[in-house]
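Each chain, letter by letter, is given below.
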Amino acid sequence: MYLTLGVVLVGLLYFLVSLAGLAFFLSPGLGALACAFVRLVDPGDRGPRGHVHSLMVAGLGGVLGASAAALLGGQYADAWMWAGVVLSVAAASAIYSISARGGIAVCMRCRSPLDGASFICPRCQDRVCAKPTCWIAKFFRCTRCDENKIWVLHFPESWWRSRLGARVSKGQCNNCYGDAHEFDLRECGQCHWPTCQRCWDYHNGACQRCGWRIPDLPGRLLPFVQHARPASGPSPPEVRPAALDRPPAGAPPQASARAPRSPLRPKRPPRM
Ligand SMILES: [Zn+2]
Ligand SMILES: [Zn+2]
Ligand SMILES: [Zn+2]
Ligand SMILES: [Zn+2]
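Only a predicted model underlies this, so the values are computations on that prediction, with no experimental measurement involved. (Residues numbered from 1 in each chain as written. Chains lettered and ligands numbered in written order. Predicted model: local features only at pLDDT ≥ 70, side-chain atom pairs only at ≥ 80, totals over all residues.)

Colleague: Please provide a residue-by-residue account of the overall build of the protein chain, values included.
Modeller: Scanning the protein chain from terminus to terminus reveals nine helices and six strands. For the protein chain, the residues scored as buried account for 36% of the 272 residues in total. Residue pairs at least 24 apart in sequence account for 50% of intrachain contacts in the protein chain once pairs closer than 6 positions are excluded. (Helix = DSSP H or I, 4+ residues; strand = E, 2+ residues; numbered from the N terminus. Buried ≥ 20, exposed ≤ 12 C-beta atoms within 10 Å, placed from the backbone. Contact = placed C-beta atoms within 7 Å.)

Here it is in structure tokens:
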């Protein structure tokens, strides 16, 4: 989307300099502008994708501007103008390579250079470093998404219905004890205990009772859930990390006020 904006911007400028007869002389500057634009809108990307984007903005923008100038029959619309487009792309490529060598991608949370392990958050798609202040490894999300309770399973009713069936009309969430009247509860495909949509989302589609996972999860979650514990079969309670029982983001106050569940706790405590 932003690339289109960059192409139009560069195209407009190329059109103006073509009309002024300065296209060839100013084309390296427009290549630099294309690089600056891509860097500005996507500061974290210093890899081959950013390189291609810079070339695209410079090249397509140049072609757009030069075509417009040629169509309008500008008096300077000549071969030099088209040579300028090539020069602009070459300049963009050179400038991108030099500037990318000078710096490396930075963590979108703490802004420190990403020279070690990094992750693309499945909720916001930002690349963040592995520091616990930036990435919550246990829950596969960046700390910003955790703080802002960003959902990953933000899907319409049809998505939920096709995987977990219709909304459950009575009972409580297996995880936060939210009531079926208040929350949209859906049954686990394996143990059939209901879990509210918020808890399904918080636990990245995993049943906290039996470990089953919702099928066909969004692709951006797959690299994380594929390395998680098996998606079927009961998980041994003694290896279950206590923090997994943390109340879900945005849980109702009565739920977060309860003591965390321990493996020894009765299966279904009486409702308070
Ligand atoms: Zn960081
Ligand atoms: Zn995030
Ligand atoms: Zn719940
Ligand atoms: Zn289950």
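So, next bit.
Colleague: Now, about helix α2 (residues 23-41): what can you tell me, with residues and values included?
Modeller: Counted at 1.5 Å a residue, the expected span for α2 with its 19 residues is 27 Å, and the 25 Å between its end C-alpha atoms agrees. The largest bend in α2 amounts to roughly 25° and is located at G29. If you check which residues of α2 are buried, you get A23, F24, S27, L30, G31, L33, A34, C35, F37, V38 and R39. (Expected span 1.5 Å × (residues − 1). Bend = angle between axes of the 7 residues up to and from the residue.)

Colleague: Quick rundown of unusual backbone geometry? Include the residues and the values.
Modeller: Its identity as a non-glycine residue notwithstanding, Q125 has a phi of 70°, on the positive side. With respect to the helices and strands, the residue Q125 is situated in the loop between β1 (118-120) and β2 (127-129).

Colleague: Pulling in residues and values, what's your account of the environment of M56?
Modeller: Residue placement: M56 occurs in helix α3 (residues 48-71). Residue classification places M56 among the partly exposed positions, given that 18 C-beta atoms sit within 10 Å. Sequence separation between M56 and A34 is 22 residues, and the spatial gap between their C-alpha atoms is 8.5 Å.

Colleague: Quick rundown of the environment of Y76? Include the residues and the values.
Modeller: Note on placement: Y76 falls in the loop between α3 and α4 (79-102). Y76 gets classed as partly exposed once you count the C-beta atoms within 10 Å, which come to 15. Linking Y76 and S18, residues 58 residues apart in sequence, is a C-alpha distance of 6.5 Å. Beyond its immediate sequence surroundings of up to four residues, Y76 is in contact with S18, L19, G21 and M81.

Colleague: Can you tell me about helix α1 (residues 2-19), naming the residues and giving the values?
Modeller: An ideal rise of 1.5 Å per residue puts 26 Å on 18 residues; α1 measures up with 26 Å between its terminal C-alpha atoms. Where α1 ends, the next residue or the one after it, G21, has phi of about 80°, a positive value.

Colleague: An account of the nonpolar core is needed here, citing residue identities and associated values.
Modeller: Of all hydrophobic cores here, the largest spans 28 residues; its most connected members are V10, Y14, A34, V57, A58 and A92. Among the secondary structure elements, those contributing two or more residues to this core are α1, α2, α3 and α4. Counting 16 residues, the second largest nonpolar core, distinct from the first, contains V168, W200, L217 and L221. (Core = buried A, V, L, I, M, F, W, Y, C linked by C-beta atoms within 7 Å.)

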